[in-house]
Amino acid sequence: MKKSLLRLGMCLAALAVLASCQDLGELKPEYFTVNPNPLEVKGGKVEGTITATFPEKYFAEKGVVEVIPVLVYEGGEAASESATYQGAKVEGNNETIQYKAGGTVSQNFSFDYVPAMKQSKLVLRFKATLKDKEVQIPEIQIAVGCIATATLANAAEINPAIAPAQFMRDTAEVTKADIMFQIQQANVRNNKDVKALNAAAAATKKDSLRTVQGIEVISAASPDGGVELNEKLATKRQDNTVKFLKRQKNNQAAIDAKYIAQDWEGFQQLVNESNIQDKELILNVLSQYQDPAEREAQIKNLSAAYTELAKDILPKLRRSQLALTVIKAGKTDAQILDLAKNNPSELNIEELMYAATIAATAEDAATFTEANASQNPDNWRAVNNLAALQFTKGEFDNTKATLANAANNGGAEAAETNFNNALLALVDNNTEDAAAFLGKAASIEQLNEAQGVLSIQKGEYAKAVEAFGNTISNNAALAQLLSGNLDKATSILENVTDKNANTYYLMAICAARANDLEKTCAALKSAAGICKAKAANAATDLEFAKYWLLPDFKAAIQ
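Residues numbered from 1 in each chain as written. Predicted model: local features only at pLDDT ≥ 70, side-chain atom pairs only at ≥ 80, totals over all residues. Heavy atoms only, no water.

## Section: the overall build of the protein chain
A tally of helices and strands in the protein chain yields 22 helices and 16 strands. Here the protein chain has a C-alpha radius of gyration of 42 Å; the compact-globule value for 558 residues is 24 Å, and the former is much larger. Summarising its shape, the C-alpha atoms of the protein chain cover approximately 155 × 65 × 40 Å along the three principal directions. Taking all 558 residues of the protein chain together, the buried fraction comes to 42%. At a minimum sequence separation of 6, the contacts of the protein chain that also span at least 24 residues come to 66%. Of the roughly 29700 Å² of accessible surface on the protein chain, a fraction of 49% belongs to carbon and sulfur atoms. Charged side chains in the protein chain number 57 positive and 67 negative. The centres of these two groups are separated by 0 Å. (Helix = DSSP H or I, 4+ residues; strand = E, 2+ residues; numbered from the N terminus. Rg over C-alpha atoms; globule rule 2.2 N^0.38 Å. Buried < 20%, exposed > 50% of the residue type's maximum accessible area, 1.4 Å probe, protein only. Contact = heavy atoms within 4.5 Å. Areas by Shrake-Rupley, 256 points an atom, 1.4 Å probe, with all protein chains shown as cover. Lys, Arg positive; Asp, Glu negative; His and termini not counted. Charge placed at Lys NZ, Arg CZ, Asp CG, Glu CD.)

## Focus on the packing of helix α14 (residues 431-438) against helix α15 (residues 447-457)
It is at 10 Å that the axes of α14 and α15 come closest, and there the two elements cross at 155°. Looking at the two axes, α14 sits roughly antiparallel to α15. Note that α14 runs across α15; the crossing there is left-handed. Across the interface between the two elements, T431, A434, A435 and L438 from α14 touch L447, A450, Q451, L454 and Q457 from α15. Residue classes in the contact of α14 with α15 are distributed as six nonpolar, three polar and no charged. (Axes fitted to C-alpha atoms, helices over the stretch in contact; angles between N-to-C directions. Parallel < 35°, antiparallel > 145°, perpendicular 65-115°, else oblique. Left-handed = near helix turned anticlockwise from the far one by under 90°. Nonpolar A, V, L, I, M, F, W, Y, C, P; charged D, E, K, R; others polar.)

## Topic: helix α4 (residues 264-273)
Three or more residues of α4 are buried, namely W264, G266, F267, L270 and V271. Each buried residue of α4 sits inside an arc of 160° when the element is viewed along its axis, so together they form one side. The exposed set on the far side of α4, more than 90 degrees from its buried face, consists of E265 and E273. (Arc of directions from axis to C-beta.)

## With respect to the sheet that holds strand β13 (residues 171-180)
Read across the sheet, four strands follow the order β13-β16-β14-β15 without closing on themselves; strand pairing throughout is mixed. The open sheet terminates on both sides in strands that have one partner only, identified here as β13 and β15 (255-260). Sheet twist, expressed as the mean angle between neighbouring strand axes with direction ignored, is 15°. Taken together, the six bridges between strand β14 (residues 210-220) and β15 define a ladder with parallel strand orientation. Bridge pairing in β15 links V217 to A257. (Pairing = 2+ DSSP bridges.)

## A few points about the confidence of the model for the protein chain
Per-residue pLDDT for the protein chain has a mean of 92; in total, 96% of the residues score no lower than 70. Confidence drops under pLDDT 50 across residues 1-21; counting only partners more than four residues distant or on other chains, this segment forms zero contacts. (pLDDT = per-residue confidence, 0-100.)

## Describing the pairing of strand β6 (residues 83-87)
Burial runs high along β6: four of the five residues are buried. In this sheet, β6 lies alongside strand β4 (residues 63-73) in antiparallel orientation, the contact comprising four bridges. Note on β6: the bridge partner recorded for V64 is Q86. Where β6 lies against strand β7 (residues 95-97), three bridges are found, and the strand directions are parallel. By the bridge assignment, Y85 is partnered in β7 with E95.

## What to know about the pattern of salt bridges
Should the charged atoms of two oppositely charged side chains come close, the side chains can pair. Taken as a whole and judged by the stated rule, the model has 16 salt bridges. Across the salt bridge formed by D263 and R319, the nearest N and O atoms sit 3.5 Å from each other. Of this pair, D263 sits in the loop between β15 and α4 while R319 sits in strand β16 (residues 319-328); the two residues are 56 residues apart in sequence, bridging distant segments of the chain. Of the two residues, D263 and R319, neither departs from the other in class, the shared state being buried. In this structure, E350 engages R381 in a salt bridge whose closest nitrogen and oxygen atoms are separated by 2.4 Å. In this pair, E350 is assigned in helix α9 (residues 349-358) and R381 in helix α11 (residues 380-392), connecting sequence segments 31 residues apart. The burial state of E350 is the same as that of R381; both residues are buried. Ionic contacts of the salt-bridge type, sharing partners, join the residues E77, R125 and E139 into one network. (Salt bridge = Lys/Arg side-chain N within 4 Å of Asp/Glu carboxyl O.)

## A few points about the side chain of Q86
Secondary-structure assignment places Q86 in strand β6. Given the relative accessible area of 2%, Q86 is considered buried. From its side chain, Q86 meets the backbone oxygen of V90 in a polar contact 3.1 Å long. When residues no more than four places from it in sequence are discounted, the contact partners of Q86 are F59, G63, V64, E91, G92, N93, N94, E95, T96 and I97. (Polar contact = N/O pair within 3.5 Å; in protein donor to acceptor, adjacent residues only side chain to side chain.)

## Quick word on the packing of aromatic side chains
Each aromatic ring pair is summarised here by two numbers: the centre-to-centre distance and the angle between the ring planes. Throughout the structure, instances matching the rule amount to 11 aromatic pairs. On the basis of an interplanar angle of 90° and a centroid distance of 5.2 Å, the ring pair of F54 and F59 is categorised as edge-to-face. Each of the two residues, F54 as well as F59, counts as buried. When the centroid spacing of 5.7 Å and the interplanar angle of 90° are considered together, the rings of Y505 and F544 count as edge-to-face. Here F544 lies in the loop between α21 (533-540) and α22 (551-556) and Y505 lies in helix α19 (residues 501-513), a separation of 39 residues in the sequence. Take F544: its relative accessible area is 0%, and that puts it in the buried class. Site record: aromatic cluster; members linked through ring pairs are F54, Y58, F59 and Y85. When the ring centre of Y505 is taken as origin, the NZ or CZ atom of K534, which lies over that ring, is 5.3 Å away. (Phe/Tyr/Trp six-rings, centres within 6.5 Å; stacked < 30°, edge-to-face > 60°. Lys NZ or Arg CZ within 6 Å of the ring centre and 35° of its normal.)

## Digging into the nonpolar core
Counting 54 residues, the largest nonpolar core has F419, L426, I456, L524, F544 and F553 as its most contacted members. The greatest single-element share of this core, amounting to seven residues, is contributed by helix α13 (residues 415-427). If near-sequence neighbours (up to four positions away) are discounted, I456 is found in contact with G43, A150, A153, Y461, A464, F468, N475, L478, A479 and L482. With 39 residues, the next largest nonpolar core counts L122, L124, V135 and A148 among its residues. (Core = buried A, V, L, I, M, F, W, Y, C linked by side-chain atoms within 4.5 Å.)

## Side note on the packing of helix α12 (residues 396-411) against α13
Viewed as axis vectors pointing N to C, α12 and α13 meet at an angle of 155°, and their least axial separation amounts to 10 Å. It follows that α12 is roughly antiparallel to α13 by the angle criterion. Helix-helix and strand crossings are classified by hand; for α12 and α13 the assignment is left-handed. Of α13, the residues touching α12 (which contributes F396, T399, K400, L403, A406 and G411) are T417, N420, N421, L424 and V427.

## Re the pairing of strand β2 (residues 39-42)
Burial along β2 is one-sided: L39 and V41 are buried, and none of E40 and K42, which face the opposite way, are. Bridge analysis of β2 against strand β12 (residues 146-147) gives two bridges, and the strand direction is parallel. Note that in β12 the partner of L39 across the bridge is C146. Where β2 hands over to strand β3 (residues 45-54), the hairpin turn is made up of two residues, of which G43 adopts a positive phi near 60°.

Put into structure tokens, the structure is as follows:
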């Protein structure tokens, strides 16, 4: 009897000890929720929050669990920062989970996105100890796949910046001559420069490309002798010069004549360019005194200097300045295009740049642009335009090298080269460099489009919508889609003029989000018809996951 009671007591004691033991068992996926789920790319990151609910009597009072989020994809995996939790009887600074009550905790995760993450799974791995002894807790999967719609922003669809031609079909040829007068005289004296001017006017009669536009005459008196005297003298010099020109048989150009009674501006210029004695003192007088009489008096007080002025400066101001303008007609569009095709070396840089803008085909425009860069390799504008052509062809490595050449030949600060460098940075998802380049491209028409793509890549969708404004493009539609404006995104895509595979693919995403299977399949069929790769993308794109097994969807992406 006593032995039986002893055995019973020992069993009860063992049961009590077992009842008081706490262990760390297997964690189940249903204990965890993920937001967002499926995962989503934003700003080049895959980020979200994991919420864990530990059940009652799970978390041992002397247990410690480190939770490590890992995104596993084909060819690799990425680990995010871990979080550590502890039981109530552990000394430490980690978040505490009560044994009896359990508890709910949250931790954030962040991964740098790589394209392979589109097909991935989010798993949790654990490092656990119980009473300082390592405990094995199996890995669990809590989410599958990643929506990468934000990565459809495509800088390659933005038109690169073309440096404009400084083309002028007709050019002005100016021939200048001076008629000099003796002091206080107005009689006109012919000279070889005037004869050359008349000959230039006469020559236009035998040249069908040249036409005289007119002659400008500015007659003046030197600023000595008083305003009233000089007013009459300058007027008479003007009248006599005009009469002289009208008597020339070979020069009947329209004359635009005016006079300057006292040519103080010319006086100051000549003094400034001279080595005359007391030069700075004379210039100081001109700056201090505005009244002509006071100026003249002050300068005459500088006796030595005035003698030099009277000898070397004042005689040069007693003159009529003549400027004959002849307009030379440039090549016609037909002539420019013919030479651009057959003999581009006969065209200058501006004519070749202009030819590219009026070319009948894109192929011709490309040919003219390439010829221009070849003929003018030291001109940043010609080289930049070659880089723009390479960018539109998707030759990004060549574009980078060509833009470097443009920068080295004077285009480093040009808005066009900086904008095109920004597009290259956006193609590489290099938002930091793109922002720096765009800061130097303020005058470029397409700047807002590039800013919009930059904002999408940074995950700033509201800013992207604002940047695009009323732009009609795939990228503008994507900004609206990512901002949740489904109807606006669809409207923009429907109005894109030159729809491409990207247009139809985005239309398919919009239709799928609107639960419209028919439009989804129709848009995907159009996208795949242009680019077969779109069909393969759709087959693994979580935007279409709910349709993957449907016959209509499968048929659309065949």
